[in-house]
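# Remarks on the overall topology
As a plain string of letters, each chain reads:
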Amino acid sequence: MSWFNANTDKVWDLLLSHLWLSGLPILLGFVIAVPIGWFANRHRRLRGTILSLGGILYTIPSLAFFLVLPSIIGTGFLDPVNVVVALTVYAVAIMVRSAADAFESVSPAVLDAATATGFAPTGRAFLVELPLAGPVLLAGLRVVAVSTVSLVSVGALIGVSNLGSLFTEGYRTDNDAEILIGVIGIVGLALLFDLVLVIAGRLLMPWARTPRQGRSPVSPIMSFAQHLRGGRV
Amino acid sequence: MIEYRSIGKTFADGTEAVGDFSLQLPSRTTTVFVGSSGCGKTTLLRMVNRMVDPSHGQVLIDDVDVSTRNKVELRRSIGYVMQEAGLLPHRKVIDNVALMMRLKGADKKEARDRAHEVLETVGLDSSLANRYPAQLSGGQQQRVGVARGLVTDPNILLMDEPFGAVDPIVRDELQQELLRLQRELDKTIVFVTHDIDEAFLLGDQVVILKKGGEIAQVGSPAEILAKPANDFVSSFIGLEKGHRKLHVEERNGTRIVVDETGKATGVLSE
Ligand SMILES: Nc1ncnc2c1ncn2[C@@H]1O[C@H](COP(=O)(O)OP(=O)(O)OP(=O)(O)O)[C@@H](O)[C@H]1O
Ligand SMILES: [Mg+2]
């Protein structure tokens, strides 16, 4: 505790960097993955290929990814952009499958009714398909959020400061308290993201008390535990 | 007037849903397509609003071939009511109805006012307007479906087994309601059902269909009952089971209407 009291400003700074280093990839991943998932669901033949591609991207070890990215996109070695780009790719990789499932979960009868009553294709996509895919999209996004928050910490290994820096530094200086604060900070942040998403879901989708065909792929907590164990590094 | 001109539909998988079908549906009347499952009723209905495009032949509305019209515009000009109502689960009742007005370019206030008005017309309590469809009974959802079909005041209303999924008492209510509405509104209604009683109750013109959209008989209910064209029709309308052949017997001094099986079905009013 005394360590924390002496370093509040530093922890706060690291928390803020962690926040945007994870928030940005979550947001970008969602925005990029949803249209791809919609497309994959629309074109049944390409669906398998697109989803496997996502699966393959996700198996790239994150540390290796952070290291080779600068030479691919021409950024500096310590540039936080590397972390944001890599994590966005992972977010897209997970989210595309959820998005395809989400659009598949929308009742064909409702879509047919929408068309028959005079929705044009674009109007139908935005006013009917997207909101009705919402519950399953949200389930997928929650997984992406927790996994991204924990993955950011790997960035500390290549010198991009975030709460993970407390692990590397605490390990080097044999400071258990510092490591513990790091863990608490990351878990707290993950729970915060999850809470925000759940509340946003309640507000945006008051009609969906429980997702009807909710096929949440993995529970967020399970996937979070897996990442904390370092399964990905 | 809606006119089918030698129309046929074979689906991509080779199923011939409709072989060769021609018929005129007079304006401001109700035409009912009735027949057993898979005989092509829905296919015929959906060719009117281009949800299905025919393999050959034409559908004309007031002498204009529908294939020359923009699909979306056409659908917006025709009311469509289906089984299970087909409401948008994520929109409140009022918005489900108002959305049709919005699609046609009405402003928010105008759309809502009109939606409230038409919900009242179909006999739905205004306290239900702010519920989601899942919070309504099947019969109430069906009323909302009818309201949605009517909200833009279309000349044509297509109804595909709209009352098929509700219990007999509610169905009875909805049928009476539709008859009342039709007396007021004078739409050209195309109604699909496999219930012959419903067909006779609602139809000015009843079309009895066999497989492949083949017409077994067309006529008013009275014409069909008086002169069934063939055995298929007699059996379909239940003449053979004796439920429709009624005679009068005197029992305990009252004149009772009895069917061929001896079951009393009503009294004769003087
Ligand atoms: N999209 C489609 N692709 C292939 N076959 C179809 C399609 N839609 C309908 N059919 C077939 O066409 C035939 C007529 O179908 P339709 O839906 O018009 O029947 P229906 O009279 O409405 O039956 P029901 O009373 O069961 O609704 C059936 O054999 C059906 O299997
Ligand atoms: Mg049908």
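Predicted, not measured: the structure shown is a model, and the values here were computed from it.

## A short note on the overall build of chain A
Along its length, chain A carries ten helices and zero strands. Secondary structure of chain A in N-to-C order comes out as α-α-α-α-α-α-α-α-α-α. Out of the 233 residues belonging to chain A, those deemed buried represent 48%.

## Topic: the sheet that holds strand β13 (residues 264–267) of chain B
Residues and elements named next belong to chain B. In spatial order, the strands read β11-β12-β13; together these three strands make up an open sheet with antiparallel pairing. Strands at the two margins of the open sheet, each flanked by one partner only, are β11 (246–251) and β13. Adjacent strand axes in the sheet meet at a mean angle of 35°, parallel and antiparallel pairs treated alike. In this sheet, strand β12 (residues 254–259) lies alongside β11 in antiparallel orientation, the contact comprising six bridges. What sits directly across from L246, in β12, is D259.

## Brief notes about the sheet that holds strand β7 (residues 156–160) of chain B
Residue and element names in this part refer to chain B. A sheet is described by the order of its strands in space; here six strands give the open sequence β6-β7-β8-β3-β9-β10, paired in mixed fashion. One side of each edge strand has no neighbouring strand; the edge strands of this open sheet are β6 (78–82) and β10 (214–219). Across this sheet, the average inter-strand angle for adjacent strands is 15°, counted without regard to direction. The pairing of strand β3 (residues 30–34) with strand β9 (residues 205–210) spans four bridges and is classified as parallel. Of the residues in β9, the one forming a bridge with V34 is I208. Seen against the sheet, helix α5 (residues 138–150) touches β6 and β7 and runs at an angle of roughly 170° to β6.

## Remarks on the site of ligand 1
All names here are of chain B. Taken together, 13 residues form the shell around ligand 1, and within it S37, G38, K41, T42 and T43 come nearest. One of the side-chain nitrogen or oxygen atoms of S37 is found 2.4 Å away from an oxygen atom of ligand 1. Between ligand 1 and the protein, one listed contact pairs an oxygen atom with a backbone N or O atom of G40 at 3.0 Å. For ligand 1, whose accessible area on its own is 630 Å², the fraction buried by protein is 63%. Considering every element that reaches the shell around ligand 1, the biggest residue donor is helix α1 (residues 41–46), with three residues. A class-by-class count of the residues in the shell around ligand 1 yields three nonpolar, seven polar and three charged.

## Brief notes about the pairing of β12(B)
Successive side chains on a regular strand alternate, one facing one side of the sheet and the next facing the other. All names here are of chain B. The hairpin turn running from β11 into β12, its antiparallel successor, is two residues long, and N252 in that turn takes a positive phi close to 50°. Across three bridges, the pairing between β12 and β13 is antiparallel. Counted as the bridge partner of I256 is V267 from β13. With antiparallel pairing between neighbouring strands as the criterion, β12 and β13 make up a hairpin whose turn holds four residues, including G262 at a positive phi of roughly 90°.

## Brief notes about the packing of helix α2 (residues 8–42) of chain A against helix α5 (residues 80–104) of chain A
Where α2(A) meets α5(A), the closest approach of the two axes is 6 Å, and the angle between their N-to-C directions is 35°. Like other packed secondary-structure pairs, α2(A) and α5(A) cross with a definite hand, here right-handed.

## Quick look at the packing of aromatic side chains
Summed over the entire model, instances satisfying the criterion amount to seven aromatic pairs over all chains. Judged by centre distance (5.0 Å) and plane angle (90°), the ring pair of Y4(B) and F21(B) falls under edge-to-face. Of the two residues, Y4(B) is situated in strand β1 (residues 2–10) and F21(B) in strand β2 (residues 16–25); the sequence distance between them amounts to 17 residues. In this pair, the class of Y4(B) matches that of F21(B), namely buried. Three or more aromatic residues joined by ring pairs form one cluster here, namely Y58(A), F65(A) and Y90(A).

## Some thoughts on helix α3 (residues 93–103) of chain B
Residues and elements named next belong to chain B. Summarising burial for α3: nine of the eleven residues are buried, a large majority. Those residues of α3 lying buried are V93, I94, N96, V97, A98, L99, M100, M101 and L103. For α3, the secondary structure elements touched by its buried residues are α2 (71–76), α4 (108–121) and α5. Phi turns positive one or two residues past the end of α3, at G105, with a value near 100°.

## Some words on the domain arrangement of chain B
All names here are of chain B. When cut into domains, chain B gives domain 1 (2–240) and domain 2 (241–270). Just the C-alpha atoms count here: the centres of domain 1 and domain 2 sit 34 Å apart. Summing the contributions of domain 1 and of domain 2, the shared interface buries around 510 Å²; its carbon and sulfur component is 43%. Looking only at domain 1, the three residues that lose the most surface to domain 2 are G238, L239 and E240, adding up to 66% of its buried area. Here domain 1 is connected to domain 2 by one salt bridge. Between R244 and D197 there is a salt bridge, with its nearest N and O atoms 2.5 Å apart. Put simply, domain 1 and domain 2 have two residue pairs in polar contact (both at pLDDT 80 or more) between them. A total of three residues in the side of domain 1 that touches domain 2 trace back to one element, the largest contributor, which is helix α7 (residues 196–202). When grouped by side-chain class, the residues that make up the side of domain 1 that touches domain 2 number five nonpolar, one polar and two charged.

## Some words on the environment of R42(A)
When you line up the elements, R42(A) lands in helix α2. Distance from R42(A) to F103(A), taken between C-alpha atoms, is 8.7 Å for residues 61 residues apart in sequence.

## Description of helix α7 (residues 121–152) of chain A
Its 32 residues give α7(A) an end-to-end C-alpha distance of only 39 Å, which falls more than 12% under 46 Å, the value for a rise of 1.5 Å per residue. For α7(A), a buried count of 24 out of 32 residues is recorded, marking the element as mostly surrounded by other parts of the structure.

## Concerning the packing of α2(A) against helix α3 (residues 44–59) of chain A
All names here are of chain A. In contact at an axis separation of 6 Å, α2 and α3 are set at 135° when each is read in the N-to-C sense. By the angle class used here, α2 and α3 are oblique. On the side of α2, the interface is formed by I36, F39, A40, N41 and R42, while α3 contributes R44, L46, R47 and I50. Considering only residue class, the contact of α2 with α3 consists of five nonpolar, one polar and three charged.

Cut-offs and rules
- Residues numbered from 1 in each chain as written.
- Chains lettered and ligands numbered in written order.
- Predicted model: local features only at pLDDT ≥ 70, side-chain atom pairs only at ≥ 80, totals over all residues.
- Heavy atoms only, no water.
- Helix = DSSP H or I, 4+ residues; strand = E, 2+ residues; numbered from the N terminus.
- Buried < 20%, exposed > 50% of the residue type's maximum accessible area, 1.4 Å probe, protein only.
- Pairing = 2+ DSSP bridges.
- Axes fitted to C-alpha atoms, helices over the stretch in contact; angles between N-to-C directions.
- Contact = heavy atoms within 4.5 Å.
- Near = heavy atom within 4 Å.
- Polar contact = N/O pair within 3.5 Å; in protein donor to acceptor, adjacent residues only side chain to side chain.
- Areas by Shrake-Rupley, 256 points an atom, 1.4 Å probe, with all protein chains shown as cover.
- Nonpolar A, V, L, I, M, F, W, Y, C, P; charged D, E, K, R; others polar.
- Left-handed = near helix turned anticlockwise from the far one by under 90°.
- Phe/Tyr/Trp six-rings, centres within 6.5 Å; stacked < 30°, edge-to-face > 60°.
- Domains from an automatic or database assignment.
- Buried area = accessible area lost by both parts, 1.4 Å probe.
- Salt bridge = Lys/Arg side-chain N within 4 Å of Asp/Glu carboxyl O.
- Expected span 1.5 Å × (residues − 1).
- Parallel < 35°, antiparallel > 145°, perpendicular 65-115°, else oblique.

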